[in-house]
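Letter by letter, the chains look like this.
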2 protein chains.
Amino acid sequence: MEGTSFLPLLRVAICGGTHGNEMSGVYMVKEMQRQKVERAGSFSVTTVLTNPRATDACKRYIDTDLNRCFTNTLLSTPITDSTPYELRRAHELNSQLGPKGSEEAVDLICDIHNTTANMGLCLIFYSLDWVPLHIYKYLQSKITSVPVRAVQLDIPMAEAFSLEAVGKHGFAMEIGPQPNGVVRADIFNIVKEARDLTIEWVQLFNSGSTFEGGEVEAFTFMKSIDYPRDPTTSEITAAIHPELQDNDFKLLRPGDPIFLSFSGETVKYEGEETYPFFVNECAYYEKKIAFHLAQKVTLTLPSINVK
Amino acid sequence: MEGTSFLPLLRVAICGGTHGNEMSGVYMVKEMQRQKVERAGSFSVTTVLTNPRATDACKRYIDTDLNRCFTNTLLSTPITDSTPYELRRAHELNSQLGPKGSEEAVDLICDIHNTTANMGLCLIFYSLDWVPLHIYKYLQSKITSVPVRAVQLDIPMAEAFSLEAVGKHGFAMEIGPQPNGVVRADIFNIVKEARDLTIEWVQLFNSGSTFEGGEVEAFTFMKSIDYPRDPTTSEITAAIHPELQDNDFKLLRPGDPIFLSFSGETVKYEGEETYPFFVNECAYYEKKIAFHLAQKVTLTLPSINVK
């Protein structure tokens, strides 16, 4: 596989609070702003508390999920008096960090998220972009305290709905388990380590280091599974089974228990072998998602360096 | 110590959703209502979803913390158009399950709560009431999957602010760790075991069993500790230290680390030996409480039986 070159990454944005109750990103951005971090060697660092009203309210969002607002369609919808707060905010962020898909967009966006699922450190990105994939490979080689994994969403950039899609390159950094509204030092320290290593990688890249190609493992989204529900009330009637709880990214086989009903019955998995993730994520109850299922794929990266 | 007699416990209330995002109680009450549980042998069982609007919104509360509304003063404040929803609801619950301090009150209230703190199963009650203390002793002798502890609040009944104070006897059942808005099967199963054992105890008590006296250990509230804060913005600048996180009820000694600042400095505990609890409880951030401190006491119970 031939090596690939990219322009230097001169403008990096580190974002948090896109979901206002995911506290690692909120406190990381506030701490960096307190310390007035604006540069790292060869590049500028912009820190953005992306959903300040939701952060103040310690809620995921005020009107609608900000991290679903960055599709080309929504970013080109005119703003009116009845536009939800988060869509208005998405337009502002697109002006500040984008516009999405343009030459003016920042070079790299890292958006920090938390999950109540036991996902360790998980990078999420769209398509096959070698820059975040190489950052992933670098983080995986350096971080030993927690598993480092990647989820790739196979969605065209026009339909990419989350903040990191506004940058020329970008990824979401998802860390868990951490309850919403709570900051845990152990999780915060993993975010700090991942942030420092990302900055280190960009510095090495800009200064001419070649990052060797190779294989990395990633998970690709297949589908979502809802909770069992009462047919009359639509209320959920079961929780994630203890054998699945906290076992994100562990192979799930047909016949494995997935739910334990409140009255004590076990529900078993039917289907092909797969890898569950976002298992018992708090925010997905309202989306009717108990967990996602993924396939494991091996990606072959080219070596990359700066143009 | 002489034995003590109590009238039979003919009306028991099992409550959940007092905080609408603490899901063990919400789903326990909904499941018992689905199964139409209304009696257990010698006594009636009333199940109450106590804060339905907060439960629907999956929030702790709508206007104000319902579980601080049951003081005699607040329960005798006239209701007006501007009365907060939860205070209105407290009056309704006082009519349904009380009135507090009267002969008409239900005999026993068990109110189910969750915490993000690693508190295991913790019974909370006011004063020295031998009925909940004997239930505590019974649960402690039967439950092996998780530590069972008790916190005693030394507050006169007139000022007792939480729902269980409305019954002739009562206790809050606090179980964690569980994130707000999430139901975990392992935690739900502990609640179910504790509920079943409470019902079993009441049946044994009503049918004439004598419960032998003896010593039990409990924790009494001393004071609360706030997070370190930025003097200008009042924002918190540290998280609970990893050595304290998840170590509720473990002896804290002078010099032990209690906070780790976002910039990496450790804050050490100064003061007498004590036992922290509600360590990193989500709902206490807004109350400016990082954790509570307790003293450990030994309580001597008399034997009790039915009159």
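Being a predicted model, the structure only gives us computed values, none of them experimental.

A. Structural view of the overall build of chain A. When helices and strands are tallied, chain A shows 6 helices and 15 strands. What you see for chain A is a C-alpha radius of gyration of 20 Å, in line with the 19 Å of a compact globule of 307 residues. Along the longest, intermediate and shortest principal axes, the C-alpha atoms of chain A span 60 × 50 × 35 Å. Burial analysis of chain A (307 residues in total) assigns 58% to the buried set. Taking as baseline every contact in chain A between residues at least 6 positions apart, the subset at least 24 positions apart corresponds to 74%. Total accessible area on chain A stands at roughly 12,200 Å², and carbon and sulfur atoms take up 49% of it. Treating the 28 positive side-chain charges of chain A as one cloud and the 39 negative ones as another, the clouds have centres 4 Å apart.

B. Structural view of the pattern of salt bridges. Scanning all chains against the criterion turns up 28 salt bridges over all chains. A salt bridge links Glu92 of chain A to Arg89 of chain A; its shortest N-O distance comes to 2.6 Å. Taken together, the residues Glu92 of chain A and Arg89 of chain A, both in helix 4 (residues 85-97) and 3 residues apart, mark about one turn of the helix. Note on Glu92 of chain A: relative accessible area 41%, which makes it partly exposed. We classify Arg89 of chain A as buried; its relative accessible area is 12%. The partner of Glu273 of chain B in a salt bridge is Arg253 of chain B, and the shortest N-O contact between them spans 3.5 Å. Residue Glu273 of chain B is located in the loop between strand 12 (266-268) and strand 13 (275-277), and its partner Arg253 of chain B is located in the loop between strand 10 (238-240) and strand 11 (257-261); the two are separated by 20 residues in the primary sequence. Given the relative accessible area of 46%, Glu273 of chain B is considered partly exposed. Relative accessible area serves as the criterion here: at 44%, Arg253 of chain B is assigned to the partly exposed category. Through salt bridges with shared partners, a single network forms among Glu22, Arg60, Asp65 and Lys287 of chain A.

C. Quick peek at the side chain of His113 of chain A. Residue and element names in this part refer to chain A. Mapped onto the elements of the fold, His113 is located in strand 5 (residues 108-114). Overall, the relative accessible area of 2% leaves His113 in the buried class. A polar contact of 3.2 Å, which involves the side chain of His113, links it to the side chain of His19. Ignoring anything within four residues of it in the chain, the contact list for His113 reads Thr18, His19, Glu22, Asn67, Ala172, Met173, Glu174 and Ile175.

D. Region of the structure containing the sheet that holds strand 6 (residues 120-126) of chain B. All names here are of chain B. Across the sheet, which stays open at both edges, the 10 strands sit in the order 3-4-2-5-8-6-7-9-14-13 with mixed pairing between neighbours. Two strands lie at the open edges of the sheet, namely strand 3 (39-40) and strand 13, each paired on one side alone. Together, strand 2 (11-16), strand 4 (43-49) and strand 5 (108-114) form the strand contacts of helix 1 (residues 23-34), whose direction differs from that of strand 4 by roughly 125 degrees. Relative to the sheet, helix 6 (residues 185-206) contacts strand 2, strand 3, strand 4, strand 5, strand 6 and strand 8 (169-176), its axis offset from that of strand 8 by approximately 160 degrees.

E. Here's a closer look at the interface of chain B and chain A. In this assembly, 33 residues from chain B lie in contact with 32 residues from chain A. For the pair chain B and chain A, the summed buried area comes to about 2,800 Å², and 57% of that belongs to carbon and sulfur atoms. A per-residue breakdown of the area chain B buries against chain A is headed by Tyr27, Val183 and Phe262 of chain B, which together make up 21% of the total. Connecting chain B to chain A are 6 salt bridges. As a salt-bridge pair, Asp230 of chain B and Arg34 of chain A come within 2.7 Å of each other at their nearest N and O atoms.

F. The arrangement of the environment of Gly120 of chain A in detail. Residue and element names in this part refer to chain A. If you trace the backbone, Gly120 turns up in strand 6 (residues 120-126). Placed 110 residues apart in sequence, Gly120 and Asp230 show a C-alpha to C-alpha distance of 32 Å. Look past the residues within four positions of Gly120 in its chain and what remains in contact with it is Val146, Pro147, Glu174, Ile175 and Gly176.

G. Here's a closer look at the UniProt feature "binding site: Zn(2+)" (unreviewed entry) in chain A. All names here are of chain A. Sequence positions flagged by UniProt for "binding site: Zn(2+)" (unreviewed entry) are, in local numbering, His19, Glu22 and His113. Sequence-wise these annotated residues cover 95 residues; spatially they are packed, their C-alpha atoms never more than 7.3 Å apart. Tracing the backbone shows Glu22 in the loop between strand 2 (11-16) and helix 1 (23-34). Relative accessible area serves as the criterion here: at 3%, Glu22 is assigned to the buried category. When sequence neighbours within four positions are dropped, the list of residues in contact with Glu22 reads Arg60, His113, Asn114 and Asn180.

H. Molecular detail of the relation of the copies chain B and chain A. For the pair chain B and chain A, the relating rotation is 180 degrees, the translation along its axis is 0.0 Å, and the fit reaches an RMSD of 0.0 Å. A rotation of that kind, with that shift, is consistent with a two-fold axis. Taking C-alpha positions as reference, the residue of chain B nearest the rotation axis is Pro179 of chain B, located at 2.3 Å. Most of the interface of chain B is mirrored in chain A, where 97% of its interface residues are also at the interface.

Conventions used here
Residues numbered from 1 in each chain as written. Chains lettered and ligands numbered in written order. Predicted model: local features only at pLDDT ≥ 70, side-chain atom pairs only at ≥ 80, totals over all residues. Heavy atoms only, no water. Helix = DSSP H or I, 4+ residues; strand = E, 2+ residues; numbered from the N terminus. Rg over C-alpha atoms; globule rule 2.2 N^0.38 Å. Buried < 20%, exposed > 50% of the residue type's maximum accessible area, 1.4 Å probe, protein only. Contact = heavy atoms within 4.5 Å. Areas by Shrake-Rupley, 256 points an atom, 1.4 Å probe, with all protein chains shown as cover. Lys, Arg positive; Asp, Glu negative; His and termini not counted. Charge placed at Lys NZ, Arg CZ, Asp CG, Glu CD. Salt bridge = Lys/Arg side-chain N within 4 Å of Asp/Glu carboxyl O. Polar contact = N/O pair within 3.5 Å; in protein donor to acceptor, adjacent residues only side chain to side chain. Pairing = 2+ DSSP bridges. Axes fitted to C-alpha atoms, helices over the stretch in contact; angles between N-to-C directions. Buried area = accessible area lost by both parts, 1.4 Å probe. UniProt positions renumbered as here; feature names shortened; annotations may be inferred. Least-squares fit on C-alpha atoms with pLDDT ≥ 70 in both.

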